Amino acid sequence: MFRRILAAFVLAAPLLVTPAPALAATATATGTGTGTGTGTGTGSNMVITWAVHSETAAYEIARQPPYYNGRVFAMVQGAVYDAANAVSGTPYEPYLVAPPARRGDSLDAAVATAAYRVLLSVFPEQAATLGAWYAESLTPIRDGRSKRGGVAVGEASAAAMIKFRENDGSDATATWAVGTEPGQWRPTPPAFAQQGAEVAGYKPFVIGSGALFGTAGPPALDSDAYARDLDEVAALGSATSTSRTRDQTESALWWHDRRQTEWEIKQQVARTQRLTPLQTARMYAMADVARADSTIACFGQKRRWSFWRPVTAVRLADTDGNPATTGDPGWTPLLVTPPFPDHTSGHACSTATLMSAMRRFFGRDDIAFSAYSADSGTTRHFRSFSHAVAEVIEARIWGGVHFRTADVQGVELGDKVARYVLAREFRRN
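The structure contained in this document is the topic of the report that follows. (Residues numbered from 1 in each chain as written. Predicted model: local features only at pLDDT ≥ 70, side-chain atom pairs only at ≥ 80, totals over all residues. Heavy atoms only, no water.)

### A closer look at unusual backbone geometry
The bulk of non-glycine residues show a negative phi, and the bulk of peptide bonds are trans. For clarity, the cut-off: What counts as a helix is a DSSP run of H or I of at least four residues, what counts as a strand is a run of E of at least two, and both are numbered from the N terminus. Remark: exposure states derive from per-residue accessible area (1.4 Å probe, protein chains only) relative to the maximum for the residue type, with buried under 20%, exposed over 50%, and partly exposed in between.
Here the bond from P189 into P190 is cis, since omega is 10 degrees, no more than 30 degrees from zero. Locating P190 in the fold gives a position in the loop between α7 (145–164) and α8 (224–236). One non-glycine residue, T90, lies in positive phi territory at about 55 degrees. You can see T90 is positioned in the loop between α4 (66–87) and α5 (107–122). On the accessibility criterion, T90 (23% relative accessible area) is partly exposed. A positive phi angle, near 50 degrees, is found at F192, a position not held by glycine. Judged by relative accessible area, which is 53%, F192 ranks as exposed.

Structural data, given as structure tokens:
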């Protein structure tokens, strides 16, 4: 409710935005289409176009890792959803705002403008690139009332999102607690770096607080469950493992790809299921907004438990007080360990959130999809959303970067956050 009160204030105020670069020169009546966005989604889809632009801006250019760029994608897709929803007659509840729109306002112009304005607010140093993409999106749309109306809706949707995310903690800096006792996290080789602690303090998009979504935590160091977790990752996750199969190695590399194969998954599912641009906008918003909140909750759990990573645990197993574990000082994981604590698994959490959101959107689990990873050089195929979730649990163990308990509880956390968010947002009016 507070978000929508804030959005109403933003709508009532003048738009504090700068003119789009070269808009008058580039967005002329050179195209023949209206850009109303009534296609089936199998051809040009402006929502997908700007999702790809967002990925390029956040990762390829800004080099933001997943735990940071999730906030960007949630901002973009939330604004895009509100813009597409408004020009479509508001068949769904708005996330922040439903700007005034007239029948025939260009959906393509609204979507492109909303995404462009949000990205420009986050990455002002990318103004030239973003401006070129924006001009390219608007040029084919016939000049006139339809285009102007769509642009105005996109401007208002973006302004509401930008206002909502002011002072959201994304400019803060924080560090993880570094321990020296058994079980306590400390920086890991080879970089011995730490990053992402501030994510736990970000303002959520829907949930009241990440602290509302807790986990049972890692098993006690002297327990049989812990010994099983450690023995499993030591055997399967080692860089020189003889227990791990070639397919398991490829899976570990595939899921670790920083370009996030989930980007291709969402795009592929939208196209194969022939989603309209509005449907695509809603699916993306459901997935990305929920994922941003689950990441906040997950990193809050990392801060709470501050549990050591397998590379530390295996090397120091002789000091953990568990007679069933044996240390291996030279043990090295297949993958480079991310620079933050183990519990819970961020990748398991975010994957579970994404798959839960798409399962809820389609009302079914058995939708097949695939995606290619340049890191592994392979394409992996999945028969359902739950199939992908089951594999990511194993993949993080095969990569040597997480204990099974961290993966399993990460999936539980991600699913809980997704169900909470989607029970309250993006519903049909």
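### Quick notes on the packing of aromatic side chains
Heads up, the condition is: Two rings from Phe, Tyr or Trp (for Trp, the six-membered ring) form a pair when their centres are within 6.5 Å of each other. A pair whose planes differ by under 30 degrees is stacked, one over 60 is edge-to-face, and the rest are tilted. Two thresholds decide whether a charge sits over a ring: the Lys NZ or Arg CZ must be within 6 Å of the ring centre and within 35 degrees of the ring normal.
Inspection of every chain in the model, using the stated rule, returns 24 aromatic pairs. Aromatic pair F369 and F385: ring centres 5.6 Å apart, planes at 25 degrees, arrangement stacked. Remark: F385 occurs in helix α14 (residues 385–398) and F369 occurs in strand β1 (residues 369–373); sequence separation between them is 16 residues. An identical accessibility class is assigned to F369 and F385; each is buried. The lysine or arginine in question, K203, covers the ring of F164, its NZ or CZ lying 4.2 Å from the ring centre. We note R424 situated over the ring of Y420; from NZ or CZ to the ring centre the distance is 3.6 Å.

### Structural notes on the packing of α5 against α7
Note the threshold: Here an angle of 0 to 180 degrees is reported between the N-to-C directions of two axes, which are lines fitted to C-alpha atoms, with helices fitted over the stretch in contact. By convention, the crossing between two helices is left-handed when the near helix turns anticlockwise from the far helix through less than a right angle, and right-handed when the turn is clockwise. A contact between two residues is defined here by any heavy atoms of the two lying within 4.5 Å.
Interhelical geometry of α5 versus α7 gives an angle of 35 degrees and a closest axis separation of 7 Å. Judged by the twist between their axes, the crossing of α5 over α7 is right-handed. Contacts between α5 and α7 pair A109, A110, T113, A114, R117, V118 and S121 from the former with K147, G150, V151, V153, G154, E155, S157, A158, M161 and I162 from the latter.

### Quick look at the side chain of E198
Condition: The sign given to each residue is positive for Lys and Arg and negative for Asp and Glu; His and the chain ends receive no count. Salt bridges are counted wherever a side-chain nitrogen of Lys or Arg sits within 4 Å of a carboxyl oxygen of Asp or Glu. The term polar contact refers here to a pair of N or O atoms within 3.5 Å; inside protein, the definition further demands a hydrogen-donor-capable atom paired with an acceptor-capable atom, and it admits residues adjacent in sequence only when both atoms are side-chain atoms.
Position of E198 relative to the elements: it lies in the loop between α7 and α8. As a buried residue without a salt bridge, E198 has its nearest oppositely charged side chain in R303, at a separation of 7.4 Å. Separated by 2.5 Å, the side chains of E198 and Y68 make a polar contact. The residues contacting E198, other than those within four sequence positions of it, are Y68, A172, T173 and A174.

### A closer look at the side chain of S251
By secondary structure assignment, the location of S251 is in helix α9 (residues 246–255). Judged by its relative accessible area of 0%, S251 is buried. Reaching out from S251, the side chain makes a polar contact with the side chain of E391 at a distance of 3.0 Å. Here S251 is in contact with R380, E391, A395 and W398, once residues within four sequence places are set aside.

### Looking at the pattern of salt bridges
Evaluation of the coordinates by the stated rule reveals 19 salt bridges. E166 is the salt-bridge partner of K163, the closest N and O atoms lying 3.4 Å from each other. Judged by relative accessible area, which is 41%, E166 ranks as partly exposed. E250 is the salt-bridge partner of R246, the closest N and O atoms lying 3.4 Å from each other. Highlighted residues: R246 and E250, both in helix α9, separated by four residues, approximately one helical turn. In this structure R246 comes out as exposed when scored by relative accessible area, which is 68%. Counted as one network, the salt bridges with shared partners bring together R359, D365, D415 and R419.

Any link to function would need more than the numbers given here.
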